[in-house]
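Below, each chain spelled out in residue letters.
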Amino acid sequence: QKEVEQNSGPLSVPEGAIASLNCTYSDRGSQSFFWYRQYSGKSPELIMSIYSNGDKEDGRFTAQLNKASQYVSLLIRDSQPSDSATYLCAVSMRLLGNQFYFGTGTSLTVIP
Amino acid sequence: ETGVTQSPTHLIKTRGQQVTLRCSSQSGHNTVSWYQQALGQGPQFIFQYYREEENGRGNFPPRFSGLQFPNYSSELNVNALELDDSALYLCASSLPDGLYGYTFGSGTRLTVV
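Residues numbered from 1 in each chain as written. Chains lettered and ligands numbered in written order. Predicted model: local features only at pLDDT ≥ 70, side-chain atom pairs only at ≥ 80, totals over all residues. Heavy atoms only, no water.

Looking at the packing of aromatic side chains
Thought 1: For the coordinates displayed, the defined rule picks out 14 aromatic pairs over all chains.
Thought 2: Ring centres of Y25 of chain A and F33 of chain A lie 4.8 Å apart, and the angle between their planes is 50°; this geometry places the pair in the tilted category. Like Y25 of chain A, the residue F33 of chain A is buried in the burial classification.
Thought 3: Seen in terms of ring centroids, F34 of chain A and Y51 of chain A are 5.9 Å apart; in terms of plane orientation they differ by 90°. Their pairing is edge-to-face. Here Y51 of chain A lies in the loop between β5 (45-50) and β6 (54-58) and F34 of chain A lies in strand β4 (residues 32-38), a separation of 17 residues in the sequence.
Thought 4: We classify Y51 of chain A as partly exposed; its relative accessible area is 29%.
Thought 5: Within the aromatic cluster, the residues linked to one another by ring pairs are F34, Y36, Y51, F100, Y101 and F102 of chain A together with Y35, F45, Y102 and F104 of chain B.
Thought 6: Here the basic side chain of R60 of chain A rests over the ring of F61 of chain A, its NZ or CZ set 5.6 Å away from the ring centre. (Phe/Tyr/Trp six-rings, centres within 6.5 Å; stacked < 30°, edge-to-face > 60°. Buried < 20%, exposed > 50% of the residue type's maximum accessible area, 1.4 Å probe, protein only. Helix = DSSP H or I, 4+ residues; strand = E, 2+ residues; numbered from the N terminus. Lys NZ or Arg CZ within 6 Å of the ring centre and 35° of its normal.)

Structure representation (structure tokens):
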């Protein structure tokens, strides 16, 4: 089992819809979770962090964490074409020295 | 406040050669992590440096090595380059334990021919 797993997609949603991105992780003791956005040819950019079970909202973005299920998700409301990118889930893996491990990323396309 | 800077931005090397990539960390960050990102893949953890010592290593062979300097800048060295080493190499700086997340540089695109 990989440390962090994501559906690679591609995921396509119409403009204005909700995009839902999912991630599972293997280390039950992990405490810190992050979502990064990466445009083609660019480096990852941090968009959300979450540390406690439940929801965390920041503008159009909501991160959801369920540590019992080892599951973290990102919802993007009112999706815009500018949201088209690859979204990377990163987990600080306690059993691996608290380094960040990334999933393979989910490619999102928002169709105007 | 300065961000993370990496150099060079692009590099072409021949198989068997050696390469050094450089990274300056964001102001206030004392931890540097290096990642390799192949096309269509997520970043793969190479190693991390904290207080000039290696503080964790991913599943990469010893020909990948690094350094951190007293000003927290860092180098990634790769010996005996192979074609599969062609990738985007990302440097990320952070506080210890990645508190508040990692800040990435713009990366170095390495092509091995």
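A short note on the pattern of salt bridges
Thought 1: According to the stated counting rule, one finds seven salt bridges over all chains in the structure shown.
Thought 2: The shortest N-O distance in the salt bridge between E57 of chain A and R77 of chain A comes to 3.5 Å. Taken together, the residues span a long stretch of sequence, with E57 of chain A in strand β6 and R77 of chain A in the loop between β8 (71-76) and β9 (85-93) at a distance of 20 residues.
Thought 3: As a salt-bridge pair, E54 of chain B and R57 of chain B come within 3.2 Å of each other at their nearest N and O atoms.
Thought 4: The class of E54 of chain B is partly exposed, set by a relative accessible area of 39%.
Thought 5: On the basis of relative accessibility, which here comes to 30%, the residue R57 of chain B falls in the partly exposed class. (Salt bridge = Lys/Arg side-chain N within 4 Å of Asp/Glu carboxyl O.)

Let's talk about the sheet that holds strand β8 (residues 74-78) of chain B
All names here are of chain B.
Thought 1: Here we have four strands laid out as an open sheet, ordered β1-β3-β8-β7, and antiparallel in their pairing. In the strand order of this sheet, the two ends are held by β1 (5-7) and β7 (64-68), each with one partner. Adjacent strand axes in the sheet meet at a mean angle of 15° when their direction is disregarded.
Thought 2: Judged from the five bridges that link them, β7 and β8 form a sheet pairing that is antiparallel. Counterpart to Q68 in the pairing with β8 is S74. (Pairing = 2+ DSSP bridges. Axes fitted to C-alpha atoms, helices over the stretch in contact; angles between N-to-C directions.)

As for the state of the cysteines
All names here are of chain A.
Thought 1: The tally for this structure, following the rule as stated, stands at two disulfides over all chains.
Thought 2: Each disulfide pairs two cysteine sulfurs, and for C23 the partner residue is C89, the sulfurs being separated by 2.1 Å. Taking the sign of the S-S torsion, about -70° here, the bridge from C23 to C89 comes out left-handed. You can see C23 sitting in strand β3 (residues 19-25) and its partner C89 sitting in strand β9, a full 66 residues away along the chain. (Disulfide = S-S within 2.5 Å.)

A short note on the pairing of strand β11 (residues 106-111) of chain A
Residues and elements named next belong to chain A.
Thought 1: Residues T106, L108 and V110 point to one face of β11 and are all buried, whereas S107, T109 and I111, pointing to the other face, are not buried.
Thought 2: Two elements, strand β2 (residues 11-14) and β11, share four bridges in a ladder whose sense is parallel. Across the sheet, the residue bridging to P14 is I111, located in β11.
Thought 3: In terms of strand pairing, β9 meets β11 through three bridges, oriented antiparallel.

Side note on the interface of chain B and chain A
Thought 1: Opposite the 21 residues of chain B that make contact, chain A presents 17 residues.
Thought 2: Summing the contributions of chain B and of chain A, the shared interface buries around 1400 Å²; its carbon and sulfur component is 53%.
Thought 3: The interface formed by chain B and chain A includes zero salt bridges.
Thought 4: Taken together, the connections running from chain B to chain A amount to seven residue pairs in polar contact (both at pLDDT 80 or more).
Thought 5: Those elements giving two or more residues to the side of chain B that touches chain A turn out to be β4 (31-37), β5 (44-50), β6 (53-57) and β9 (87-94) of chain B. (Contact = heavy atoms within 4.5 Å. Buried area = accessible area lost by both parts, 1.4 Å probe. Polar contact = N/O pair within 3.5 Å; in protein donor to acceptor, adjacent residues only side chain to side chain.)

Observations regarding unusual backbone geometry
Thought 1: Across the junction of S7 of chain B and P8 of chain B, the peptide omega takes the value -10°, indicating a cis bond.
Thought 2: Position of P8 of chain B relative to the elements: it lies in the loop between β1 and β2 (10-13).
Thought 3: One non-glycine residue, D78 of chain A, lies in positive phi territory at about 45°.
Thought 4: Residue class for D78 of chain A comes out partly exposed when judged on its relative accessible area of 42%.
Thought 5: Residues other than glycine seldom take positive phi values, yet A80 of chain B does so here, at roughly 45°.
Thought 6: As for its placement among the helices and strands, A80 of chain B is situated in the loop between β8 and β9.
Thought 7: Taking the relative accessible area as the measure of exposure, A80 of chain B reaches 41% and is therefore partly exposed.

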